[in-house]
Amino acid sequence: MKNVRVEEFLDLFKQLERLLEKKYAEEPLSDESVVVHYENSREGQEHKEILSSIRKIRNVLQHNPKINGEYIVTPSVDLVDQLRQIVDEVEHPKLAIDFGVKANQIFKATLSSGLVRVIKVMKERGFSHVPIIENEKLYGVLSAYTVFEFVTEQGMQIITGETKIGAMKDYLPIRMHKNEYYLFMPKKATFTDADEAFEKRDNRPRRLVAIFITATGSPDEPILAMLTPWSVVGK
């Protein structure tokens, strides 16, 4: 039974190596192994300590002959289970879409929605950004920034109880947001993809405030989910 467990352990490690070789096929890894690279990545950080132990045990088993037909080290049942879990996570990574707000739960508006009513809902529910949808696609985003820009340039008196969001249609497209930006990702994007995106800055001092998930990552497709920094914090 011990040898069977060792063989399973070694087979799982080979599976992990193959999966990581495929995952990092287009990345320069210098001289480090794919497993070490994964350990040091943001994605593999939580497994760093246990993977280090697993690598050491694997090396002992790989480079030392059996004694009387028995391996000199036998990994515990728990260690094999943890390695199996890591292999499963690499093969089936968590998807970003599963951590976002699904399309049917997103508070959104259209150009014909009442501006004052939407702003009141934003204040009451603590929403900072509201997608504006037209023809099932993202037209733009209503935010405190866009309202400020609109009022600054057009004057506060232009807003009445009858004002529609369409009155500020030129301020809503995401390309018009000077201090913030948005990304589109495909539904197969991983949680790590989204997490890393929120950590990065673009080449200007702007912050990423939302990621929209669509079928292929195209902005011309219906939104499937929306992620904000709060979607990934502490996950």
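One can find the structure itself at the top, above this paragraph.
Just so we're clear, the structure is a prediction, and the values are computed from it rather than from any experiment.

A. Fine view of the nonpolar core. With 22 residues, the main nonpolar core has Phe9, Leu16, Leu20, Ile54 and Leu83 as its most contacted residues. Among the secondary structure elements, those contributing two or more residues to this core are helix H1 (2-23), helix H2 (34-39), helix H3 (48-63) and helix H4 (77-91). Here this core gets seven residues from one element, more than from any other, and that element is H1. Beyond its immediate chain neighbours, meaning those up to four positions away, Leu83 contacts Phe9, Leu12, Phe13, Leu16 and Ile54.

B. The sheet that holds strand E5 (residues 207-214), seen in detail. Spatially, four strands are ordered E1-E6-E5-E4 in an open sheet, and the strand pairing comes out mixed. Here the strands that pair on one side only, and so sit at the sheet edges, are strand E1 (101-102) and strand E4 (180-186). Seen against the sheet, helix H7 (residues 191-199) touches E4, E5 and strand E6 (225-227) and runs at an angle of roughly 155 degrees to E5.

C. Local environment of a negative patch on the surface. Together, Glu26, Glu27, Asp193 and Glu196 give the surface a local cluster of negative charge. By secondary structure assignment, the location of Glu196 is in helix H7. Residue classification places Glu196 among the partly exposed positions, given a relative accessible area of 31%.

D. Up close: the environment of Thr228. As for its placement among the helices and strands, Thr228 is situated in the loop between E6 and helix H8 (229-232). Distance from Thr228 to Ala210, taken between C-alpha atoms, is 4.6 Å for residues 18 residues apart in sequence. Those residues in contact with Thr228 that lie beyond four places of it in its chain are Phe198 and Val209.

Quick notes on the rules
Residues numbered from 1 in each chain as written. Predicted model: local features only at pLDDT ≥ 70, side-chain atom pairs only at ≥ 80, totals over all residues. Heavy atoms only, no water. Core = buried A, V, L, I, M, F, W, Y, C linked by side-chain atoms within 4.5 Å. Buried < 20%, exposed > 50% of the residue type's maximum accessible area, 1.4 Å probe, protein only. Helix = DSSP H or I, 4+ residues; strand = E, 2+ residues; numbered from the N terminus. Contact = heavy atoms within 4.5 Å. Pairing = 2+ DSSP bridges. Axes fitted to C-alpha atoms, helices over the stretch in contact; angles between N-to-C directions. Patch = residues over 30% accessible without salt bridge, like charges linked within 9 Å, V, L, I, M, F, W, Y side chains within 5 Å. Areas by Shrake-Rupley, 256 points an atom, 1.4 Å probe, with all protein chains shown as cover. Salt bridge = Lys/Arg side-chain N within 4 Å of Asp/Glu carboxyl O. Lys, Arg positive; Asp, Glu negative; His and termini not counted. Charge placed at Lys NZ, Arg CZ, Asp CG, Glu CD.

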